[in-house]
Amino acid sequence: MEVLSVSPELAAQWRNTNNRPLSKNTVQQLAAQIQRGEWQLTHQGIAFDEDDVLIDGQHRLAAIVKAGTTVPMTVTQGVPRTAFTVMDTGRKRTGRDALALVGEANATHLAAALRGLHLYLQAPNSAWSGGSSVTSNDQLLVVLEKHPGVRDALHHGIALNRACRITVTAATIGWYVTTETRPDIDQSAWREGVVTGALLKSGDPRLTLRNTMLSLAAGRTHRRRDDSREHLLYYLKSWNAWVEGRSMKLLRRSPNETMPRISNHTAAVRTDE
């Protein structure tokens, strides 16, 4: 084993067609990490067997070629050919694992919320599923560093989820971005209304959001695959109506509807007053 600086030219020379089919999404994700400067030298590199045939690392090599950047990599020679069957069979480290390793509480929910916040900030109107939505562990840590208030927002998100089944991710992002954008708004009445629904009249946006989420959870309304993005859209539409003092008896999502901007208006008398 030795550590070498692997250039795009060398990576192209070492690649072969004897491995499993190449995943374009995996290559794209690795290349993007290299371009963002997230590549780190670890024991996981590339390996050649007794006949100098590449048996591990084709995606890493393809990513180097795609990124056009030289990176340090561990290169192992003379690996027994029979070892191929047990390579890459371990569980991939997840965002939850990365956050738990640095001591974060509620790591599973926090990882999902950070990923959703990243997508909301970078691509709010794109699908939050599929290869293009993959967020690296390093990106999650960067988002948390820039937005430490997500930790507190997560507690509100969990409470809202328990009350009306809105996804924790959507509720956390909704709480965080509205409180950050509108620190002048006391949101205690918003939370209380959505959580309990007590004494709210028909048309109150908080009651409409609550009933819509409960209906979705009960399967009485058509559900979409991308639940968190859809739920966040409903959350922001309802919040905007609440802060502006508007009645909202029905929550709908039209085809290709974009993510709402957070309202900068405030009614003289809101529905909770």
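*Asks:* Help me out: how do you make sense of the overall build of the chain in this one?
*Replies:* Within the chain, the secondary structure is distributed over eleven helices and four strands. For the chain, buried positions account for 48% of its 273 residues. Restricting the contact set of the chain to residue pairs at least 6 apart, pairs at least 24 apart contribute 71%.

*Asks:* I'm lost on the pairing of strand β4 (residues 71-79) in this one. Help?
*Replies:* Remember that side chains alternate between the two faces of the sheet whenever the strand is regular. As paired strands, strand β1 (residues 2-6) and β4 are joined by five bridges and run antiparallel to one another. Residue pairing in the sheet places V3 in a bridge with T74 of β4. Here strand β2 (residues 46-49) pairs with β4 via three bridges, running parallel. In the strand pairing of β4, A47 is matched with T76.

*Asks:* Help me understand the side chain of H147, please; the structure alone is not making it clear to me.
*Replies:* Of note, H147 is situated in the loop between α6 (137-146) and α7 (150-164). Judged by relative accessible area, which is 18%, H147 ranks as buried. Not counting the four nearest positions on each side in its chain, H147 is found in contact with L117, L121 and Y176.

*Asks:* Whenever I open this one, the packing of aromatic side chains confuses me. Can you help?
*Replies:* Any two aromatic rings considered together are summarised by their centre-to-centre distance and by the angle between their planes. For the structure shown, the criterion picks out four aromatic pairs. Here the aromatic rings of W14 and F48 are separated by 5.4 Å at their centres, their planes lie at 75 degrees, and the arrangement is edge-to-face. Of this pair, W14 sits in helix α1 (residues 8-14) while F48 is found in strand β2, placing the two residues 34 residues apart along the sequence. Owing to a relative accessible area of 17%, W14 belongs among the buried residues under this scheme. A relative accessible area of 5% places F48 in the buried class. With 5.4 Å between their ring centres and 70 degrees between their planes, W190 and Y235 make a pair best called edge-to-face. One end of the pair, W190, is in helix α9 (residues 188-196); the other, Y235, is in helix α11 (residues 227-244), with 45 residues separating them in the sequence.

*Asks:* Teacher, can you tell me more about the sheet that holds strand β3 (residues 54-56) here?
*Replies:* By definition, the strands of a sheet pair up through backbone hydrogen bonds, in either a parallel or an antiparallel sense. Pairing within the open sheet is mixed, and its four strands lie in the order β1-β4-β2-β3. Edge strands, defined here as strands with exactly one partner in the open sheet, are β1 and β3. The mean inter-strand angle of the sheet, taken between neighbouring strand axes irrespective of direction, is 40 degrees.

*Asks:* So what exactly am I meant to see when it comes to helix α3 (residues 58-67) here?
*Replies:* Within α3, eight of the ten residues are buried, which leaves it mostly tucked inside the rest of the structure. All of the buried residues in α3 are Q58, H59, R60, L61, A62, A63, I64 and A67. Considering only its buried residues, α3 is in contact with β1, α1, α2 (24-35), β2, β3 and β4.

*Asks:* Explain the packing of helix α5 (residues 107-122) against α7 here, please?
*Replies:* Angle between the axes and distance between the axes: these two values describe a pair of packed helices. Look at α5 against α7: their axes get within 10 Å of each other, and the N-to-C directions meet at 110 degrees. Taken as axis vectors, α5 and α7 run roughly perpendicular relative to one another. Here H109, L110, A113, L114 and L117 of α5 come into contact with α7, specifically with V150, L154 and I158. Across the contact of α5 with α7, the residue classes tally to seven nonpolar, one polar and no charged.

*Asks:* I'm lost on unusual backbone geometry in this one. Help?
*Replies:* Glycine aside, a negative phi is what most residues show, and trans is what most peptide bonds show. In this structure, D52 takes a positive phi of about 60 degrees despite not being glycine. Assessed through its relative accessible area of 57%, D52 is described here as exposed. Although it is not a glycine, L199 adopts a positive phi angle of roughly 65 degrees. Residue position: L199 is located in the loop between α9 and α10 (205-217).

*Asks:* Looking at this structure, I do not really get a nonpolar patch on the surface. What am I missing?
*Replies:* On the surface, L101, V102 and L141 cluster together to form a nonpolar patch covering roughly 270 Å² of accessible area. Tracing the backbone through its elements, the reader meets L101 in helix α4 (residues 95-101). Given a relative accessible area of 61%, L101 falls into the exposed group.

*Asks:* Quick question: what am I supposed to make of the confidence of the model for the chain here?
*Replies:* Detailed reading of the predicted coordinates is not advisable wherever pLDDT is low. Summing up the model confidence of the chain, the mean pLDDT is 88 and the portion of residues at 70 or higher is 90%. Summarising per-element confidence for the chain, the mean pLDDT is lowest in β3 (85) and highest in helix α8 (residues 168-181) (98).

Definitions and limits used
- Per-chain numbering applies: the sequence of each chain, read as written, is numbered from 1 onward.
- The predicted nature of this model means local features are confined to residues of pLDDT at least 70 and side-chain atom pairs, given and counted, to a pLDDT of 80 or more, with totals for whole chains, interfaces and linings taken over all residues.
- Each side-chain value is worked out from all heavy atoms of the structure, with water and hydrogens disregarded.
- Under the DSSP-based scheme used, a helix requires at least four consecutive residues in state H or I and a strand at least two consecutive residues in state E, with every element numbered from the N terminus.
- Buried, partly exposed and exposed residues are distinguished by accessible area as a fraction of the type maximum, computed with a 1.4 Å probe on protein chains only: under 20%, between the cut-offs, and over 50%, respectively.
- Throughout, a contact is declared for two residues whenever any of their heavy atoms are within 4.5 Å.
- Only strands joined by at least two bridges in the DSSP assignment are considered to pair.
- For Phe, Tyr and Trp, rings pair up if their centres lie within 6.5 Å, where Trp contributes its six-membered ring, and each pair is then called stacked (planes under 30 degrees apart), edge-to-face (over 60) or tilted (otherwise).
- In this analysis an axis means a line fitted to C-alpha atoms, helices contributing only their contacting stretch, and an angle means the value between N-to-C directions, from 0 to 180 degrees.
- Between 65 and 115 degrees an angle is taken as roughly perpendicular, under 35 as roughly parallel, over 145 as roughly antiparallel, and anywhere else as oblique.
- Residue polarity follows a fixed list, in which Ala, Val, Leu, Ile, Met, Phe, Trp, Tyr, Cys and Pro are nonpolar, Asp, Glu, Lys and Arg are charged, and the others, Gly among them, are polar.
- Excluding any residue in a salt bridge, patches collect residues exceeding 30% relative accessible area, merging like charges within 9 Å and nonpolar Val, Leu, Ile, Met, Phe, Trp and Tyr side chains within 5 Å.
- Using a 1.4 Å probe, accessible areas were evaluated by the Shrake-Rupley method; residue-level cover was limited to the displayed protein chains.
- Here, a salt bridge means any side-chain nitrogen of Lys or Arg that lies within 4 Å of a carboxyl oxygen of Asp or Glu.
- Each residue carries a pLDDT score, the predictor's confidence in it, ranging from 0 to 100.

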